[in-house]
Amino acid sequence: MQQTFYKYQGTGNDFVMIDNRQQTFDKNNTKRIAHLCDRRFGIGADGLILLENHETLDFEMIYYNADGSQSFCGNGARCAVAFAKQLGIIKNKAFFLAIDGKHSASLSNGIVKLQMHNVDTVKKYDHHVFLNTGSPHHVQFESNIDDFDIKTKGAKIRYGQPYNKAGTNVNFVKKVSSTEFKVRTYERGVENETLSCGTGVTAVALAMHYIGETEKNLITLHTQGGNLQVSFNKESGVYKNVCLMGPAKLVFQGII
Ligand SMILES: N[C@H](CCC[C@H](N)C(=O)O)C(=O)O
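Residues numbered from 1 in each chain as written. Predicted model: local features only at pLDDT ≥ 70, side-chain atom pairs only at ≥ 80, totals over all residues. Heavy atoms only, no water.

**Q** Just checking my understanding: could you explain the overall build of the protein chain for this structure?
**A** Scanning the protein chain from terminus to terminus reveals four helices and 17 strands. In terms of overall size, the protein chain behaves like a compact globule, its C-alpha atoms giving a radius of gyration of 17 Å where 256 residues would be expected to give roughly 18 Å. Evaluated residue by residue, the protein chain yields a buried proportion of 51% over its 256 residues. Look at the contacts in the protein chain between residues 6 or more apart in sequence, and 60% of them connect residues 24 or more apart. When the accessible surface of the protein chain is summed, it comes to about 11,800 Å², and 46% of that surface belongs to carbon and sulfur atoms. Taken together, the 29 basic and 24 acidic charged side chains of the protein chain have centroids lying 2 Å from each other. (Helix = DSSP H or I, 4+ residues; strand = E, 2+ residues; numbered from the N terminus. Rg over C-alpha atoms; globule rule 2.2 N^0.38 Å. Buried < 20%, exposed > 50% of the residue type's maximum accessible area, 1.4 Å probe, protein only. Contact = heavy atoms within 4.5 Å. Areas by Shrake-Rupley, 256 points an atom, 1.4 Å probe, with all protein chains shown as cover. Lys, Arg positive; Asp, Glu negative; His and termini not counted. Charge placed at Lys NZ, Arg CZ, Asp CG, Glu CD.)

Quick look at the structure:
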(Lines give C-alpha, C1' and ligand atoms only; values in the text may rest on other atoms or scores of the structure.)
Protein backbone atom coordinates (compact mmCIF):
# COMPACT_ATOMS: atom_id res chain seq x y z
CA MET A 1 0.00 0.00 0.00
CA GLN A 2 1.27 3.45 -0.87
CA GLN A 3 1.70 5.87 2.00
CA THR A 4 2.28 9.61 1.99
CA PHE A 5 5.07 10.87 4.24
CA TYR A 6 6.07 14.38 5.20
CA LYS A 7 9.57 15.52 6.01
CA TYR A 8 9.89 18.05 8.85
CA GLN A 9 12.84 19.70 10.56
CA GLY A 10 13.25 21.63 13.79
CA THR A 11 16.60 23.46 13.95
CA GLY A 12 18.04 20.82 11.62
CA ASN A 13 16.86 17.81 13.66
CA ASP A 14 14.89 16.08 10.88
CA PHE A 15 12.00 13.64 10.91
CA VAL A 16 9.87 11.52 8.62
CA MET A 17 6.29 12.23 9.67
CA ILE A 18 3.43 9.84 8.93
CA ASP A 19 -0.30 10.32 9.51
CA ASN A 20 -1.18 6.95 11.07
CA ARG A 21 -4.72 7.78 12.20
CA GLN A 22 -5.98 4.85 10.10
CA GLN A 23 -3.41 2.46 11.64
CA THR A 24 -1.94 1.52 8.28
CA PHE A 25 1.74 1.65 9.29
CA ASP A 26 3.41 -1.55 10.57
CA LYS A 27 4.88 -0.46 13.90
CA ASN A 28 6.56 -3.79 14.63
CA ASN A 29 8.80 -3.55 11.59
CA THR A 30 11.63 -1.55 13.18
CA LYS A 31 13.99 -2.65 10.39
CA ARG A 32 11.78 -0.81 7.90
CA ILE A 33 11.73 2.26 10.16
CA ALA A 34 15.54 2.25 10.25
CA HIS A 35 15.58 1.78 6.47
CA LEU A 36 13.25 4.77 5.91
CA CYS A 37 15.56 6.91 8.09
CA ASP A 38 18.70 5.79 6.25
CA ARG A 39 20.21 8.76 4.36
CA ARG A 40 21.46 6.66 1.45
CA PHE A 41 19.02 3.77 1.12
CA GLY A 42 15.89 5.53 2.43
CA ILE A 43 14.34 9.00 2.81
CA GLY A 44 16.88 10.05 5.42
CA ALA A 45 16.10 11.42 8.88
CA ASP A 46 17.19 11.46 12.54
CA GLY A 47 13.87 9.84 13.45
CA LEU A 48 10.39 8.78 12.33
CA ILE A 49 7.15 9.94 13.94
CA LEU A 50 3.67 8.47 13.67
CA LEU A 51 0.76 10.76 14.46
CA GLU A 52 -2.19 8.73 15.78
CA ASN A 53 -5.66 9.34 17.18
CA HIS A 54 -6.15 9.55 20.93
CA GLU A 55 -9.45 9.08 22.75
CA THR A 56 -9.40 12.28 24.79
CA LEU A 57 -6.42 14.32 23.54
CA ASP A 58 -5.77 15.90 20.13
CA PHE A 59 -3.36 13.15 19.07
CA GLU A 60 -0.69 10.69 20.14
CA MET A 61 2.87 10.90 18.89
CA ILE A 62 4.94 7.73 18.50
CA TYR A 63 8.64 8.49 18.09
CA TYR A 64 11.39 6.22 16.75
CA ASN A 65 15.09 7.07 16.56
CA ALA A 66 16.84 6.42 13.22
CA ASP A 67 17.79 2.92 14.43
CA GLY A 68 14.17 2.03 15.31
CA SER A 69 14.56 2.43 19.12
CA GLN A 70 12.08 4.56 21.08
CA SER A 71 12.32 7.52 23.45
CA PHE A 72 10.89 11.04 23.85
CA CYS A 73 12.01 13.66 21.35
CA GLY A 74 11.60 17.39 22.02
CA ASN A 75 12.24 18.65 18.49
CA GLY A 76 10.16 15.77 17.11
CA ALA A 77 7.28 16.75 19.39
CA ARG A 78 7.49 20.36 18.16
CA CYS A 79 7.40 19.09 14.56
CA ALA A 80 4.45 16.79 15.38
CA VAL A 81 2.51 19.83 16.64
CA ALA A 82 3.22 21.69 13.37
CA PHE A 83 2.16 18.54 11.46
CA ALA A 84 -1.10 18.31 13.46
CA LYS A 85 -1.81 21.90 12.48
CA GLN A 86 -1.07 21.12 8.81
CA LEU A 87 -3.53 18.19 9.00
CA GLY A 88 -6.19 20.46 10.54
CA ILE A 89 -6.30 18.47 13.81
CA ILE A 90 -5.44 21.51 15.94
CA LYS A 91 -5.46 25.29 15.60
CA ASN A 92 -2.91 27.07 17.76
CA LYS A 93 -2.94 24.86 20.85
CA ALA A 94 -2.31 21.14 21.24
CA PHE A 95 -2.72 18.53 23.95
CA PHE A 96 -1.13 15.23 23.09
CA LEU A 97 0.36 12.04 24.43
CA ALA A 98 3.98 10.95 23.97
CA ILE A 99 6.02 8.09 25.45
CA ASP A 100 6.81 10.14 28.58
CA GLY A 101 3.20 11.25 29.19
CA LYS A 102 0.91 14.19 28.32
CA HIS A 103 2.19 17.44 26.83
CA SER A 104 0.65 20.75 25.87
CA ALA A 105 1.98 23.08 23.20
CA SER A 106 1.14 26.31 21.43
CA LEU A 107 2.00 27.63 17.98
CA SER A 108 2.50 31.20 16.84
CA ASN A 109 4.36 32.63 13.86
CA GLY A 110 6.03 29.29 13.10
CA ILE A 111 7.40 28.94 16.63
CA VAL A 112 6.22 25.94 18.63
CA LYS A 113 6.30 26.28 22.41
CA LEU A 114 6.31 22.83 24.00
CA GLN A 115 5.64 22.15 27.66
CA MET A 116 8.04 19.55 29.04
CA HIS A 117 7.64 17.56 32.25
CA ASN A 118 8.85 18.79 35.63
CA VAL A 119 12.41 17.76 36.47
CA ASP A 120 13.03 16.92 40.12
CA THR A 121 16.34 15.03 39.86
CA VAL A 122 19.55 16.59 38.61
CA LYS A 123 22.79 14.77 39.46
CA LYS A 124 26.01 16.76 39.62
CA TYR A 125 29.31 14.91 39.31
CA ASP A 126 32.92 16.21 39.18
CA HIS A 127 32.98 16.74 35.42
CA HIS A 128 29.41 16.34 34.25
CA VAL A 129 25.71 16.63 35.11
CA PHE A 130 23.11 13.94 34.40
CA LEU A 131 19.34 14.45 34.12
CA ASN A 132 16.31 13.13 32.28
CA THR A 133 14.13 15.56 30.30
CA GLY A 134 12.04 12.85 28.64
CA SER A 135 15.27 11.27 27.42
CA PRO A 136 18.51 10.77 29.39
CA HIS A 137 21.20 13.45 29.04
CA HIS A 138 24.85 13.66 30.05
CA VAL A 139 25.99 17.32 30.05
CA GLN A 140 29.63 18.42 30.15
CA PHE A 141 31.69 21.50 29.30
CA GLU A 142 33.93 21.53 26.23
CA SER A 143 35.93 24.72 25.64
CA ASN A 144 37.11 23.53 22.22
CA ILE A 145 33.52 22.91 21.07
CA ASP A 146 33.88 24.15 17.46
CA ASP A 147 36.77 21.85 16.65
CA PHE A 148 35.89 18.68 18.52
CA ASP A 149 35.19 15.13 17.40
CA ILE A 150 31.63 14.82 18.78
CA LYS A 151 31.00 11.39 17.23
CA THR A 152 34.08 9.67 18.70
CA LYS A 153 34.06 11.46 22.08
CA GLY A 154 30.27 11.20 22.41
CA ALA A 155 30.21 7.48 21.57
CA LYS A 156 32.90 6.80 24.19
CA ILE A 157 30.70 8.34 26.90
CA ARG A 158 27.42 6.89 25.54
CA TYR A 159 28.73 3.29 25.54
CA GLY A 160 30.95 3.69 28.62
CA GLN A 161 30.31 3.38 32.35
CA PRO A 162 27.76 3.87 33.91
CA TYR A 163 25.52 4.06 30.81
CA ASN A 164 26.62 0.98 28.87
CA LYS A 165 24.17 -0.59 26.41
CA ALA A 166 21.05 1.41 27.41
CA GLY A 167 23.16 4.51 26.82
CA THR A 168 22.55 8.22 27.11
CA ASN A 169 22.57 11.26 24.87
CA VAL A 170 25.71 13.36 25.34
CA ASN A 171 25.76 17.18 25.25
CA PHE A 172 28.96 19.22 25.00
CA VAL A 173 28.51 22.82 26.17
CA LYS A 174 30.34 26.12 25.94
CA LYS A 175 29.14 29.15 27.87
CA VAL A 176 28.66 32.26 25.74
CA SER A 177 27.06 34.43 28.46
CA SER A 178 24.70 33.94 31.42
CA THR A 179 21.77 33.71 28.99
CA GLU A 180 23.42 31.91 26.07
CA PHE A 181 25.13 28.56 25.71
CA LYS A 182 26.46 26.73 22.68
CA VAL A 183 25.54 23.03 22.53
CA ARG A 184 26.58 20.08 20.35
CA THR A 185 24.84 16.74 20.95
CA TYR A 186 25.68 13.11 20.28
CA GLU A 187 22.36 11.26 20.07
CA ARG A 188 21.75 7.74 21.22
CA GLY A 189 19.68 5.88 18.61
CA VAL A 190 21.17 7.98 15.81
CA GLU A 191 24.66 7.13 17.11
CA ASN A 192 26.07 10.32 15.72
CA GLU A 193 25.93 14.07 16.18
CA THR A 194 22.58 15.60 15.21
CA LEU A 195 22.30 19.29 14.31
CA SER A 196 20.11 19.93 17.37
CA CYS A 197 18.40 18.02 20.18
CA GLY A 198 15.37 19.48 22.00
CA THR A 199 15.49 17.38 25.16
CA GLY A 200 19.28 17.94 25.06
CA VAL A 201 19.16 21.74 25.07
CA THR A 202 16.46 21.58 27.76
CA ALA A 203 18.81 19.42 29.85
CA VAL A 204 21.67 21.86 29.26
CA ALA A 205 19.59 24.90 30.32
CA LEU A 206 18.46 23.20 33.55
CA ALA A 207 21.95 21.80 34.26
CA MET A 208 23.56 25.25 33.82
CA HIS A 209 21.03 26.75 36.23
CA TYR A 210 21.49 23.87 38.69
CA ILE A 211 25.29 24.25 38.88
CA GLY A 212 25.07 28.05 39.15
CA GLU A 213 26.38 28.99 35.68
CA THR A 214 23.24 31.10 35.25
CA GLU A 215 20.51 32.55 37.44
CA LYS A 216 18.29 33.36 34.47
CA ASN A 217 15.04 31.54 33.69
CA LEU A 218 15.07 32.07 29.94
CA ILE A 219 18.10 30.61 28.18
CA THR A 220 19.05 30.69 24.48
CA LEU A 221 20.83 27.61 23.20
CA HIS A 222 22.90 27.82 20.02
CA THR A 223 22.92 24.51 18.17
CA GLN A 224 24.52 23.57 14.84
CA GLY A 225 21.05 23.87 13.26
CA GLY A 226 19.87 27.15 14.82
CA ASN A 227 18.68 28.64 18.07
CA LEU A 228 16.25 27.25 20.63
CA GLN A 229 15.00 28.78 23.86
CA VAL A 230 14.19 27.13 27.17
CA SER A 231 12.26 28.75 30.04
CA PHE A 232 11.48 27.35 33.50
CA ASN A 233 10.86 28.16 37.19
CA LYS A 234 12.51 26.44 40.12
CA GLU A 235 10.18 25.84 43.06
CA SER A 236 11.21 23.84 46.16
CA GLY A 237 14.05 22.19 44.25
CA VAL A 238 11.85 21.18 41.31
CA TYR A 239 12.12 22.63 37.79
CA LYS A 240 8.55 23.47 36.75
CA ASN A 241 6.88 25.07 33.71
CA VAL A 242 9.76 23.86 31.58
CA CYS A 243 9.17 25.06 28.00
CA LEU A 244 11.13 24.42 24.82
CA MET A 245 10.64 26.99 22.03
CA GLY A 246 11.75 27.11 18.42
CA PRO A 247 10.83 26.72 14.76
CA ALA A 248 9.36 23.56 13.18
CA LYS A 249 9.10 23.42 9.39
CA LEU A 250 7.71 21.24 6.63
CA VAL A 251 10.47 20.52 4.09
CA PHE A 252 8.77 18.26 1.49
CA GLN A 253 6.33 15.42 1.07
CA GLY A 254 6.46 12.19 -0.88
CA ILE A 255 5.09 8.70 -1.32
CA ILE A 256 6.58 5.42 -0.14
N1 LIG B 1 16.32 14.57 19.07
C2 LIG B 1 15.49 14.34 20.21
C3 LIG B 1 15.96 13.36 21.19
C4 LIG B 1 15.70 11.97 20.76
C5 LIG B 1 15.98 11.04 21.90
C6 LIG B 1 16.90 9.94 21.59
N7 LIG B 1 18.08 10.23 20.88
C8 LIG B 1 17.10 9.01 22.77
O9 LIG B 1 17.25 9.37 23.93
O10 LIG B 1 17.07 7.80 22.49
C11 LIG B 1 15.08 15.66 20.84
O12 LIG B 1 14.95 16.66 20.14
O13 LIG B 1 14.80 15.69 22.03
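Still more to cover.
**Q** How should I be thinking about the UniProt feature "binding site: substrate" (unreviewed entry) in the protein chain in this particular structure?
**A** The feature "binding site: substrate" (unreviewed entry), as annotated in UniProt, sits at Asn13, Asn65, Gly74, Asn75, Asn169, Glu187, Arg188, Gly198 and Thr199 in this numbering. Within the secondary structure, Asn13 sits in strand 2 (residues 13–19). Judged by relative accessible area, which is 1%, Asn13 ranks as buried. The residue Gly198 is located in helix 4 (residues 198–210) in this model. We classify Gly198 as buried; its relative accessible area is 1%. Not counting the four nearest positions on each side in its chain, Gly198 is found in contact with Gly74, Asn75 and Leu244. (UniProt positions renumbered as here; feature names shortened; annotations may be inferred.)

**Q** What is the right way to look at the pattern of salt bridges in this model?
**A** Pairing between side chains of opposite charge can happen when their charged atoms approach one another. For the structure on display, the rule yields ten salt bridges. For Arg39, the salt bridge identified is with Asp14, shortest N-O distance 2.8 Å. Here Arg39, found in the loop between helix 1 (30–37) and strand 3 (47–52), pairs with Asp14, found in strand 2; they are 25 residues apart in sequence, far enough to count as distant. Here Arg39 ties to Asp46 by a salt bridge, and the two come within 2.9 Å at their closest N and O atoms. The exposure class of Asp46 is buried, given its relative accessible area of 6%. Each of the salt bridges in this network shares a partner with another, and the network as a whole consists of Lys7, Asp14, Arg39 and Asp46. (Salt bridge = Lys/Arg side-chain N within 4 Å of Asp/Glu carboxyl O.)

**Q** Explain helix 1 here, please?
**A** Given 3.6 residues per helical turn, the α-helix brings residues three or four places apart onto the same face. Burial in helix 1 covers these residues: Ile33, Leu36 and Cys37. Burial along helix 1 is one-sided: seen end-on, the buried residues are contained in an arc of 95°. Check the buried side of helix 1 and you find it contacts strand 2, strand 3 and strand 4 (59–65). (Arc of directions from axis to C-beta.)

**Q** Can you help me understand the nonpolar core in this one?
**A** When a protein is soluble and globular, its nonpolar side chains tend to lie buried together. Core analysis: the largest hydrophobic core is formed by 51 residues, its most contacted members being Phe59, Met61, Val81, Phe96, Leu131, Val139 and Leu221. For this core, the domains that each give at least three residues are domain 1 (4–107 + 248–255) and domain 2 (122–245). Discounting residues that sit within four places of it in the chain, Val139 has contacts with His128, Val129, Leu131, Asn171, Val173, Ala203, Val204, Ala207 and Met208. Among the nonpolar cores identified, the runner-up in size contains 13 residues, and Ile18, Phe25, Ile33 and Ala45 belong to it. (Core = buried A, V, L, I, M, F, W, Y, C linked by side-chain atoms within 4.5 Å. Domains from an automatic or database assignment.)

**Q** Help me understand the site of the ligand, please; the structure alone is not making it clear to me.
**A** The immediate surroundings of the ligand are formed by 16 residues, with Gly74, Asn169, Arg188, Gly198 and Thr199 found nearest. Within the backbone of Asn75, one N or O atom sits 2.9 Å away from an oxygen atom of the ligand. In this structure, Asn169 approaches the ligand through a side-chain N or O atom, which is 2.7 Å from an oxygen atom. Classifying every residue of the shell around the ligand gives five nonpolar, nine polar and two charged. When residues are assigned to domains, the shell around the ligand turns out to be shared by domain 1 (4–107 + 248–255) and domain 2 (122–245), each giving three or more. (Near = heavy atom within 4 Å. Polar contact = N/O pair within 3.5 Å; in protein donor to acceptor, adjacent residues only side chain to side chain. Nonpolar A, V, L, I, M, F, W, Y, C, P; charged D, E, K, R; others polar.)

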